[in-house]
Amino acid sequence: MKLVTFCSFKGGAGKTTALMGLCSALISSGRRVALFEADENRPLSRWRANAAERDTWDPGCSIFVADELPLLEEAYAQADAEHFDYVLIDTEGGSSELNNTIIASSNLLMVPTMLTPLDVDEALATYRYIIELLMGEDLVIPTAILRQRVPVGRLTMSQRSVSDMLHALPLTRNPLHERDAFASMKDRGMLHLSIEKAAADPGLRLALRNLDNAMEELLQLGEFVAEALEA
Ligand SMILES: Nc1ncnc2c1ncn2[C@@H]1O[C@H](COP(=O)(O)OP(=O)(O)OP(=O)(O)O)[C@@H](O)[C@H]1O
Ligand SMILES: [Mg+2]
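In this text the structure is predicted, and so the values were computed from the model without any measurement.

A. Seen up close, the overall build of the protein chain. The number of helices and strands found in the protein chain is 10 helices and six strands. Taking 231 residues into account, the globule formula puts the C-alpha radius of gyration at 17 Å, and the protein chain, at 17 Å, falls close to it. Along the longest, intermediate and shortest principal axes, the C-alpha atoms of the protein chain span 55 × 50 × 30 Å. For the protein chain, buried positions account for 48% of its 231 residues. A sequence separation of at least 24 residues applies to 80% of the contacts in the protein chain between residues at least 6 apart.

Following this line, the structure appears as structure tokens:
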């Protein structure tokens, strides 16, 4: 069982959205995925409730509430007993003892960031924090910056220079772009199941194309994650 954690100091960096998308991509590639909800705002539980209404939730995917240390331990034991392939962990922004424990227990860390100077500053601070924490605990855990909400069209000068700067750090191979298909996952449920529904409805052909483009990015992210975990 591999633990993949999304973390950032900054709120709204795109952690939960990237996690939802990766979850869908891994499930559609046949992996068994559990989610740990370490954000007390419970965005994943809300996601599941919205998905259940639309019949776009895979019941094989369990959510374990893990927003306190004892719950985290329980969640780990239970997920391990149920032999999930992946656990994706959604953390709250900022640093806390809970987040430190999650970081140190992970097999792969992902730090999402948008391409503004402010966001990248925060991502660098998060990255540095992670490295110091891992060094202090004598741990080596692969950590990658995920460029999130990257405009689909041309980048501005500022976005390009920020993006160039990020290349000094370990990055996921591809970014996730700013797409309605990503923003609407929280309401629409799991992307691969939304795609199945749209494919069955001739009126949704245009929407289907956008959903497919989003899924393509997520499958690439899934491949990157699998490779990073093997390395
Ligand atoms: N690739 C994307 N394309 C379009 N919208 C996105 C994308 N990623 C995230 N968003 C939107 O940005 C907002 C913040 O994203 P999200 O909730 O994933 O961030 P977060 O890091 O989990 O925030 P928090 O720190 O509050 O938990 C949400 O409204 C989400 O729909
Ligand atoms: Mg979140």
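That shown, we press on.
B. Just the site of ligand 1, in detail. Contacts to ligand 1 come from 16 residues, most closely from Lys-15, Thr-16, Thr-17, Arg-149 and Lys-186. Between ligand 1 and Gly-14, the relevant distance is 2.9 Å, taken from an oxygen atom to a main-chain nitrogen or oxygen of the residue. Measuring from an oxygen atom of ligand 1, one finds a side-chain N or O atom of Arg-149 at 2.7 Å. Looking at the shell around ligand 1, the elements that each hand over two or more residues are helix H1 (15–28) and helix H7 (180–183). Per-element tally for the shell around ligand 1: the top contributor is H1, with three residues. Residues of the shell around ligand 1, tallied by class, amount to three nonpolar, seven polar and six charged.

C. Representation of the environment of Ala-18. Looking at the element boundaries, Ala-18 is found in helix H1. With residues up to four places along the chain from it excluded, the contact list for Ala-18 reads Phe-6, Leu-146, Gln-148 and Leu-176.

Definitions and limits used
- Residues numbered from 1 in each chain as written.
- Chains lettered and ligands numbered in written order.
- Predicted model: local features only at pLDDT ≥ 70, side-chain atom pairs only at ≥ 80, totals over all residues.
- Heavy atoms only, no water.
- Helix = DSSP H or I, 4+ residues; strand = E, 2+ residues; numbered from the N terminus.
- Rg over C-alpha atoms; globule rule 2.2 N^0.38 Å.
- Buried < 20%, exposed > 50% of the residue type's maximum accessible area, 1.4 Å probe, protein only.
- Contact = heavy atoms within 4.5 Å.
- Near = heavy atom within 4 Å.
- Polar contact = N/O pair within 3.5 Å; in protein donor to acceptor, adjacent residues only side chain to side chain.
- Nonpolar A, V, L, I, M, F, W, Y, C, P; charged D, E, K, R; others polar.

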